[in-house]
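Descriptive analysis of the structure
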Amino acid sequence: ITVPGAAAPAAAPAPSPATVGATGLELDAEQSENARTIIRIGRELGVPDRGIAIALGTAMQESWLRNLDWGDRDSQGLFQQRHSTGWGTVEEVRDAERATRAFFGGPTDPNGTRTRGLLDIPGWESMSYADAAQAVQISAYPDRYARWEQPSLAWLAALG
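In short, a report on the structure. No experiment lies behind these values; they were computed from the predicted model shown.

1. Notes on the nonpolar core
- Of all hydrophobic cores here, the largest spans 37 residues; its most connected members are Ile-38, Ile-54, Phe-79, Phe-103 and Phe-104.
- Counting only elements with at least two residues in this core, the list comes to α1 (29-44), α2 (49-63), α4 (96-104), α5 (129-137) and α6 (149-159).
- At seven residues, α2 tops the list of elements feeding residues into this core.
- When sequence neighbours within four positions are dropped, the list of residues in contact with Phe-103 reads Ile-54, Ala-55, Thr-58, Phe-79, Gln-81, Trp-87, Gly-117, Leu-118, Val-136 and Gln-137.

Right, dumping it as structure tokens:
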């Protein structure tokens, strides 16, 4: 039924991309905010750009750079960390800043020695991108991280 003179409701606008990498892979506002969090914390911790890019690509592979409240088994958050394996409580793995600090690890790791972050992996700097991500994540699909190497470098350049 059409009512004369009545305006049709406007369609909801599509989420606008916040950035476009060299690969054409766009990040929406939520993904960009999470990427900026990862970049900021990496910079605060003195992580080299390659390490920050590995964190960005890992979060993209694990959660599409979204802070998920679900995942495989009890995995949650940006990095799909599992509270049952020592990454923290459910609330802690869903805290994007804390989860990022745990992913990076090192002397200020909020998990202490319960988990092993990127900075705790001997020789991570000389590992392939996918191998470095896998050393932290211990995924059943270790090769899937490699596809995010170039996009993560583009996101880092655009946002960081």
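2. Some details on unusual backbone geometry
- Positive phi, close to 60°, is recorded for Trp-64, a residue that is not glycine.
- Looking at the element boundaries, Trp-64 is found in the loop between α2 and β3 (75-76).
- Notably, Ile-138 is not glycine yet its phi reads approximately 50°, a positive angle.
- Checked against the element boundaries, Ile-138 lands in the loop between α5 and α6.

3. Focus: the packing of aromatic side chains
- Considering all chains together, one arrives at four aromatic pairs under this definition.
- Taken together, a centroid distance of 5.5 Å and an interplanar angle of 85° make the contact between Trp-64 and Trp-148 edge-to-face. Of this pair, Trp-64 sits in the loop between α2 and β3 while Trp-148 sits in the loop between α5 and α6, placing them 84 residues apart in sequence.
- Take Trp-148: its relative accessible area is 6%, and that puts it in the buried class.
- Between the aromatic rings of Phe-103 and Phe-104, the centroid separation amounts to 5.9 Å while the plane-to-plane angle is 70°, which identifies the pairing as edge-to-face.

Rules and cut-offs
- Residues numbered from 1 in each chain as written.
- Predicted model: local features only at pLDDT ≥ 70, side-chain atom pairs only at ≥ 80, totals over all residues.
- Heavy atoms only, no water.
- Core = buried A, V, L, I, M, F, W, Y, C linked by side-chain atoms within 4.5 Å.
- Buried < 20%, exposed > 50% of the residue type's maximum accessible area, 1.4 Å probe, protein only.
- Helix = DSSP H or I, 4+ residues; strand = E, 2+ residues; numbered from the N terminus.
- Contact = heavy atoms within 4.5 Å.
- Phe/Tyr/Trp six-rings, centres within 6.5 Å; stacked < 30°, edge-to-face > 60°.

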